[in-house]
Amino acid sequence: MQTPIYWAHEFEEYICPGGFLKFFNRKPLKSVEDEYPMTKAVSFWINIPLVYILLPLMGIVANYWGVEWGLWVAYYSALNAFAHVVMFFIFGFKYNPGLVASVLLNIPFGVYTVWYFLSNHLVSTEVNIISIIVGIIAQASMMIYGFGYLVPKIKKEGLRAK
């Protein structure tokens, strides 16, 4: 279920109502440009491998080789969604694309999935710890790219808003 839930999240970010790139460039990255430095191409290369290849692949792998292969996806989904909630508060209690799916789908289903796996002893403590770490790494890699690479890039180019 994590894959279609995350796709709903992506739908809200990029299609209805959309506007995630503009929001992310203008608010968190503080760019003066709507479509730079996070471009459609950059977004494509972040989302396609992770959201449209790896997440469904983990669902298939979990089906055939054990549910423990997919637990990290629930952690990643909930962590990413939590970032949208944090942005809601940081940017003055304003909507950001992906927030509704985060609150109604990603967080509740991510937390429920983790709770279900743990309370029914479907994964070991080691698998849970590894899943937390992988979920954090997946989320952190996007944040490091955005704030560690893109922000210095727009500062260097003089495109960072004051």
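These numbers were taken from a predicted model, which means no experiment stands behind them. Residue indices follow the written sequence of each chain, beginning from 1 at its first position. The model is predicted, so local features are restricted to residues of pLDDT at least 70 and side-chain atom pairs to those at 80 or more, both for listing and for counting; the totals for chains, interfaces and linings are taken over all residues. Calculation of side-chain values draws on the structure's entire complement of heavy atoms; hydrogens and water are dropped beforehand.

## Looking at the overall build of the protein chain
Assigned secondary structure in the protein chain consists of six helices and zero strands. Helices (α) and strands (β) of the protein chain occur, in sequence order from the N terminus, as α-α-α-α-α-α. Only C-alpha atoms enter the radius of gyration, while the globule expectation follows 2.2 Å times N to the 0.38, with N the number of residues. Computed over its C-alpha atoms, the radius of gyration of the protein chain comes to 16 Å, within 12% of the 15 Å expected for a compact globule of 162 residues. Taking the principal axes of the C-alpha coordinates as reference, the protein chain spans close to 50 × 25 × 25 Å. Under the convention used here, a 1.4 Å probe and the Shrake-Rupley method define accessible areas, while residue burial counts only the protein chains that appear. Summing over all exposed atoms, the protein chain offers an accessible surface of approximately 9200 Å²; the carbon and sulfur share of this is 72%. Between the averaged position of the 11 positive side-chain charges in the protein chain and that of its 9 negative side-chain charges there is a distance of 15 Å. Secondary structure elements are defined from DSSP: runs of H or I of at least 4 residues count as helices, runs of E of at least 2 residues count as strands, and each element is numbered from the N terminus. Here the positive residues are Lys and Arg and the negative ones are Asp and Glu; neither His nor the chain ends is included. For this purpose, a charge sits on NZ of Lys, CZ of Arg, CG of Asp or CD of Glu.

## Some details on the nonpolar core
Here the nonpolar core consists of buried residues drawn from Ala, Val, Leu, Ile, Met, Phe, Trp, Tyr and Cys, with membership extended through side-chain atoms lying within 4.5 Å. Note on exposure labels: buried denotes an accessible area under 20% of the residue type's maximum, exposed denotes more than 50%, and partly exposed covers the range between, all computed with a 1.4 Å probe on protein chains only. Judged by nonpolar contacts, Phe20, Leu21, Phe23, Phe24, Leu29, Met38, Val42, Met87, Leu150, Val151, Ile154 and Leu159 together constitute the single largest core of 12 residues. Put simply, the parts of the chain that give this core at least two residues each are α2 (20-26) and α6 (125-156). Tallying contributions element by element places α2 first for this core, with four residues. A contact between two residues is defined here by any heavy atoms of the two lying within 4.5 Å. In this view, Phe24 contacts Leu29, Met38 and Phe147; residues no more than four positions away in its chain are not counted. If you look at the next biggest cluster of nonpolar residues, it comprises 10 residues, including Tyr6, Met58, Val73 and Tyr76.

## Topic: the layout of surface pockets
Cavities and pockets were defined on a 1 Å grid built over protein atoms only: a cavity is a set of grid points that admits a 1.4 Å probe from which the probe cannot escape, a pocket is an open set flanked by protein on both sides within 12 Å along at least five of seven lines, and lining residues are those with an atom within 4 Å of any such point. Grid points are joined across faces, edges and corners, and a volume is the space filled by probe spheres set on the points. Within this model, the largest pocket holds a volume of roughly 420 Å³. As for the largest pocket, its lining consists of 25 residues, and the residues nearest its centre are Phe20, Phe24, Asn80, Met87 and Gln139. Elements with a contribution of two residues or more to the lining of the largest pocket: α1 (2-14), α2, α3 (40-65), α4 (71-90) and α6. Top contributing element to the lining of the largest pocket by residue count: α4, with seven residues. Amino acid classes used here: Ala, Val, Leu, Ile, Met, Phe, Trp, Tyr, Cys and Pro are nonpolar; Asp, Glu, Lys and Arg are charged; the rest, including Gly, are polar. Class assignment for the residues of the lining of the largest pocket results in 17 nonpolar, six polar and two charged. Its boundaries defined by the atoms lining it, the second largest pocket holds a volume of some 310 Å³. Residue lining of the second largest pocket: 16 residues in total, with Met1, Gln2, Gly59, Gly70 and Phe117 positioned closest to the centre.

## Overview of α3
Expected helix span is given by 1.5 Å per residue-to-residue step, counting one fewer step than there are residues. Under the 1.5 Å per step criterion, the end-to-end length of α3 is 35 Å for 26 residues, consistent within 8% with the ideal 38 Å. Of all the residues in α3, the buried ones are Val42, Ser43, Asn47, Leu50, Val51, Leu55, Met58, Val61 and Ala62. Each element contacted by the buried residues of α3 is listed here: α1, α2, α4 and α6. One or two residues past the end of α3 sits Gly66, with phi positive at roughly 125°.

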